[in-house]
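Examination of the molecular architecture
Here are the chains, one letter per residue:
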Amino acid sequence: MSRFDLTPPTDAQRETITSGLSADEHRVLLQHGTEAAFCGVFLDNKKTGIYTCRFCGLPLFRSDAKFDSGTGWPSFFRPYDEAHIRYIRDTSYGMVRTEEVCARCGSHLGHVFPDGPPPTGQRHCLNSVSLSFVEAGDALPDVLGRGAPEGAPDAG
């Protein structure tokens, strides 16, 4: 069970956050879009820290689970907490894939594939625009004003 509050944002919080999104963030996060390959700001990020949901701030992946998949999108082999990701069958574009969304706010993150490295064999292929990054030792975002553990440095 997650130590984070997974209650969805209120309608007022959702409206406030949505109004601050760029057109690209809106298209990807809320309309299940995809950013162009090899263009995302986090593709080559080598810093140590936590990748969080751009919309609600929920921690999604740790930097030590990131790997270079060669696909053009940031890829991870393990989520921060399985409870923070929700999986949805995606049959768009004539394919069968597994979409990943933030378990708290429902924002589109990317897709997961069964061709990743050990120990999980998973490749969580994400859009950089769906993420924010918090360097190790810095406070996690408290976008929804819920208090610790949000707004405090990650306890690991």
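Everything discussed here concerns the structure shown above.
Below you will find a few notes about this structure. Because the structure is a prediction, the values reported are computed rather than measured.

Parameters at a glance
- Residues numbered from 1 in each chain as written.
- Predicted model: local features only at pLDDT ≥ 70, side-chain atom pairs only at ≥ 80, totals over all residues.
- Heavy atoms only, no water.
- Buried < 20%, exposed > 50% of the residue type's maximum accessible area, 1.4 Å probe, protein only.
- Helix = DSSP H or I, 4+ residues; strand = E, 2+ residues; numbered from the N terminus.
- Arc of directions from axis to C-beta.
- Contact = heavy atoms within 4.5 Å.
- Phe/Tyr/Trp six-rings, centres within 6.5 Å; stacked < 30°, edge-to-face > 60°.
- Pairing = 2+ DSSP bridges.
- Axes fitted to C-alpha atoms, helices over the stretch in contact; angles between N-to-C directions.

This part is about helix H2 (residues 23–31). When we look at burial in H2, the residues that qualify are Glu25, Val28 and Leu29. For H2, the arc enclosing every buried residue in end-on projection is 85°, short of the 170-degree limit, so these residues lie on one face. Of the residues in H2, the exposed ones pointing more than 90 degrees away from the buried face are Ala23 and Gln31. Looking at the buried residues of H2, the elements they touch are strand S7 (108–113). Two residues or fewer past H2, histidine 32 is found with a positive phi of approximately 60°.

We now examine the packing of aromatic side chains. Scanning the entire structure with this criterion turns up 6 aromatic pairs. Here phenylalanine 61 and phenylalanine 76 contribute two aromatic rings whose centre-to-centre distance is 4.6 Å and whose plane-to-plane angle is 25°, an arrangement assigned as stacked. Taken together, the residues span a long stretch of sequence, with phenylalanine 61 in strand S2 (residues 59–62) and phenylalanine 76 in strand S4 (residues 75–76) at a distance of 15 residues.

If you walk across this open sheet you meet the 3 strands as S2-S1-S9, and the pairing is antiparallel. Two strands lie at the open edges of the sheet, namely S2 and strand S9 (131–135), each paired on one side alone. The average angle at which neighbouring strand axes cross in this sheet is 30°, direction not considered. Taken together, the 5 bridges between strand S1 (residues 49–53) and S9 define a ladder with antiparallel strand orientation.

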